Amino acid sequence: GNRKRGKMDHFYLFPGPPFSPDQSPVEEDEAPHPAGPSRMQSADSCLYRFFQTLIHLLKGNIGTGLLGLPLAVKNAGLLIGPLSLLVMGIVAIHCMNILVKCSHHLSTKLGKPYLTYGEAVEYGMENVPCLQRHSVWGRHVVNLFLIITQLGFCCVYFVFLSENIKQVIEAANGTTLNCNTNETAEMVPSYDSRLYMLFILPFIIALVFTRSLKWLTPFSLFANLVMCASLVLIYYYCLTHIPFPIDLPKVGRAVDYPLFFGTAIFAFEGIGVVLPLENKMQKPQNFPMVLYLGMGIVTLLYISLGTIGYICFGMHIGGSITLNLPDCWMYQSVKLLYSFGIYITYALQFYVPAEILIPPAVSRVGARWELPVDLSIRTGLVLFTCVLAILIPELDLVISLVGSISSSALALIIPPLLQIFTFHTEGLSGWVVLKNLVISVFGLVGFVAGTYISIVEIISRTFSFFQV
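So, here's what we can say about the structure. (Residues numbered from 1 in each chain as written. Predicted model: local features only at pLDDT ≥ 70, side-chain atom pairs only at ≥ 80, totals over all residues. Heavy atoms only, no water.)

Our next topic: the overall build of the chain. When you go through the chain residue by residue, the secondary structure sums to 17 helices and zero strands. Burial analysis of the chain (468 residues in total) assigns 54% to the buried set. The contacts of the chain with a sequence gap of at least 6 include a subset with a gap of at least 24, amounting to 84%. When the accessible surface of the chain is totalled, it reaches about 21500 Å², and 68% of it is carbon and sulfur. (Helix = DSSP H or I, 4+ residues; strand = E, 2+ residues; numbered from the N terminus. Buried < 20%, exposed > 50% of the residue type's maximum accessible area, 1.4 Å probe, protein only. Contact = heavy atoms within 4.5 Å. Areas by Shrake-Rupley, 256 points an atom, 1.4 Å probe, with all protein chains shown as cover.)

Let us look at helix 14 (residues 329-362). Its 34 residues give helix 14 an end-to-end C-alpha distance of 47 Å, which sits within 8% of 50 Å, the value for a rise of 1.5 Å per residue. Of all bends in helix 14, the biggest is about 40°, found at Ala-354. (Expected span 1.5 Å × (residues − 1). Bend = angle between axes of the 7 residues up to and from the residue.)

We now examine helix 13 (residues 287-313). For helix 13, spanning 27 residues, the distance from its first C-alpha to its last is 38 Å, which sits close to the expected 39 Å at 1.5 Å a residue. The positive-phi residue at the C-terminal boundary of helix 13 is Gly-314, with phi of around 60°.

Another aspect to go through is the environment of Ile-62. Within the fold, Ile-62 resides in the loop between helix 3 (38-61) and helix 4 (64-67). According to the relative accessible area criterion, Ile-62 is partly exposed, its value standing at 22%.

It is worth spelling out the pattern of salt bridges at this point. Pairs may arise between side chains of opposite charge once their charged atoms sit close together. According to the stated counting rule, one finds nine salt bridges in the structure shown. Arg-194 is paired through a salt bridge with Asp-192; the nearest N and O atoms lie 3.2 Å apart. Given the relative accessible area of 31%, Asp-192 is considered partly exposed. A salt bridge links Lys-335 to Asp-327; the nearest nitrogen and oxygen atoms lie 3.9 Å apart. What you see here is one network of salt bridges that share partners, running through Glu-394, Asp-396, Glu-457 and Arg-461. (Salt bridge = Lys/Arg side-chain N within 4 Å of Asp/Glu carboxyl O.)

Okay, the environment of Ser-339 next. With respect to the helices and strands, Ser-339 occurs in helix 14. Separated by 176 residues in the primary sequence, Ser-339 and Glu-163 place their C-alpha atoms 9.9 Å from one another. Residue contacts for Ser-339: discarding those within four places in its chain leaves Phe-160, Leu-161 and Asn-164.

Moving on, we get to the nonpolar core. Residues Tyr-117, Phe-158, Ile-234, Tyr-346 and Val-382 are the most contacted members of the largest nonpolar core, which totals 125 residues. The contacts of Tyr-346, once residues within four sequence positions are left out, are Cys-154, Tyr-157, Phe-158, Ile-204, Leu-207, Val-208, Val-382 and Thr-385. (Core = buried A, V, L, I, M, F, W, Y, C linked by side-chain atoms within 4.5 Å.)

We now examine the packing of aromatic side chains. Considering all chains together, one arrives at 11 aromatic pairs under this definition. Here Tyr-257 and Phe-260 contribute two aromatic rings whose centre-to-centre distance is 5.1 Å and whose plane-to-plane angle is 35°, an arrangement assigned as tilted. Linking Tyr-257 with Phe-260, this pair stays in helix 11 (residues 257-267), spanning three residues, or about one helical turn. Relative accessible area serves as the criterion here: at 0%, Phe-260 is assigned to the buried category. Put simply, the rings of Phe-158, Tyr-346 and Phe-350 touch in pairs and so form one group of aromatic residues. (Phe/Tyr/Trp six-rings, centres within 6.5 Å; stacked < 30°, edge-to-face > 60°.)

A few words now on the packing of helix 11 against helix 16 (residues 395-423). Remark: helix 11 packs on helix 16, axes separated minimally by 7 Å, with the N-to-C direction vectors making an angle of 65°. Between helix 11 and helix 16, the angle is such that the two are roughly perpendicular. Between helix 11 and helix 16 lies a crossing of left-handed hand. Within the contact between the two elements, helix 11 uses Pro-258, Leu-259, Phe-261, Gly-262, Thr-263, Ile-265 and Phe-266 and helix 16 uses Asp-396, Leu-397, Ile-399, Ser-400, Val-402, Gly-403, Ser-404, Ser-407, Ser-408, Ala-411 and Leu-412. Grouping the amino acids of the contact of helix 11 with helix 16 by side-chain chemistry returns 10 nonpolar, seven polar and one charged. (Axes fitted to C-alpha atoms, helices over the stretch in contact; angles between N-to-C directions. Parallel < 35°, antiparallel > 145°, perpendicular 65-115°, else oblique. Left-handed = near helix turned anticlockwise from the far one by under 90°. Nonpolar A, V, L, I, M, F, W, Y, C, P; charged D, E, K, R; others polar.)

Before going further, it helps to examine the side chain of Thr-451. Take Thr-451: it is sitting in helix 17 (residues 430-467). Within polar-contact distance, the side chain of Thr-451 engages the backbone oxygen of Phe-447 at 2.6 Å. Other than its neighbours up to four places away in sequence, Thr-451 contacts Leu-401, Ser-404, Ile-405 and Gly-446. (Polar contact = N/O pair within 3.5 Å; in protein donor to acceptor, adjacent residues only side chain to side chain.)

Looking now at the side chain of Asn-97. Relative to the helices and strands, Asn-97 resides in helix 6 (residues 80-110). Within the local environment of Asn-97, its side chain forms a polar contact with the side chain of Tyr-292, the two groups lying 3.0 Å apart.

Attention shifts here to the packing of helix 10 (residues 217-240) against helix 13. The N-to-C vectors of helix 10 and helix 13 enclose an angle of 45°; their axes lie 9 Å apart at closest approach. Put simply, helix 10 runs oblique to helix 13. For the crossing formed where helix 10 meets helix 13, the hand is left-handed. Residues Leu-231, Ile-234, Tyr-235, Tyr-237, Cys-238 and Leu-239 of helix 10 form the contact with helix 13, whose participating residues are Leu-301, Ser-304, Leu-305, Ile-308, Gly-309, Cys-312 and Phe-313. When grouped by side-chain class, the residues that make up the contact of helix 10 with helix 13 number 11 nonpolar, two polar and no charged.

Here we take up the environment of Val-156. Residue placement: Val-156 occurs in helix 8 (residues 135-170). When the C-alpha positions of Val-156 and Ile-392 are compared, they lie 9.6 Å apart, and in sequence the two are 236 residues distant. Excluding anything up to four places from it in sequence, Val-156 contacts Thr-64, Phe-266, Leu-395, Val-398 and Ile-399.

Among the surface-exposed residues, Phe-384, Val-387, Leu-388 and Leu-391 lie close enough to one another that they form a single nonpolar patch of about 360 Å² accessible area. Summarising the element assignment, Phe-384 is placed in helix 15 (residues 367-391). (Patch = residues over 30% accessible without salt bridge, like charges linked within 9 Å, V, L, I, M, F, W, Y side chains within 5 Å.)

The phi angle of most residues is negative, glycine excepted, and most peptide bonds adopt the trans form. Residue Phe-244 is joined to Pro-245 through a cis peptide bond whose omega torsion reads -5°. Structurally, the position occupied by Pro-245 is in the loop between helix 10 and helix 11.

Rendered as structure tokens:
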């Protein structure tokens, strides 16, 4: 039911004890505050919740996609790349705002305290007579894309972990303490990155067997801290090693632009966290301020790291900027620490598809078989993401493919259509309808072109690998 899904979303975003089954998150936030001195405490609590929501919004949008943006800028060009990131950021923020407004309107109209993304699409389609009979498919489609997105992130994490650990091990003999040297460590060839994925597999399975995320809370906090520290060091290295003069293409090849689109929209991965975060706020009317501030910071971060990362490493930029860092112990530590952060984040991303897929399966078996079925499905899903990563061990192409297929649908195609479905009988202007259709068509073109080019590149690189 509605409350069960709402509970899952809150548990996913805020590791710790979830709400009790009979307590909705809105009820907790709307509890009356006593008069007197506690009003100051209430103001402090509201400010704390504001910054807590802001931090979670930043966390929901900063991951491996950020590290792949320098390569995305290379695919679009030094001028077109940053400008395109700015435009995509503005459009993504606008679509997030649309989703919140539609959810508000529909939940008020239906007398429900909270709607998930899928439910908002389902009830929005019920406003259109010709779509009423198929409205339940709206929720199913959104849930399907959420599953694809989250499992896609998990595939990316396998590739990211294997490539970074492989690089650290191969350069171990030549790793120095001097990070200012121009000498490159001699790489000692080791195993194929696919074997590193198999080595990581048992640790990932053990991680997802932790069915309650509250046990991962201290590890998640530590992971966030080391990822932030790693980003600071990455920025420091790039800013202190910018070559002059800068002689890089201002405009990339047209055939590579769909790869830019897929990577960029993959980076703007936080639309799935918007509704749970907005509902968690003590004063939901303040959420637009959180959204604009948080996503403004995210967009600035994307443009800056994408641009200076590409300028610093030029045409040799890798699928993740960590792969270009020098072979001294400080930056090798950055790779390992960021890898630990991604390892812990795997469990958080995995939680959403697990909570969608496992409960229906467990409900069909007896109590004796509930735990074996639960753990079997978890193991099967991890194996599935590992197999996909082994089949496509190219970090940049996996990011682009996942972004093109699922992130474009959730972030660009569906929200504008939802606004048309929701408000089409309430005086929605023709300009708004036209604007929404343009955004959805743009997302659809990116979906088709990005998916096609990514698959073509995957086949091409795989064929070249087997030829060698």
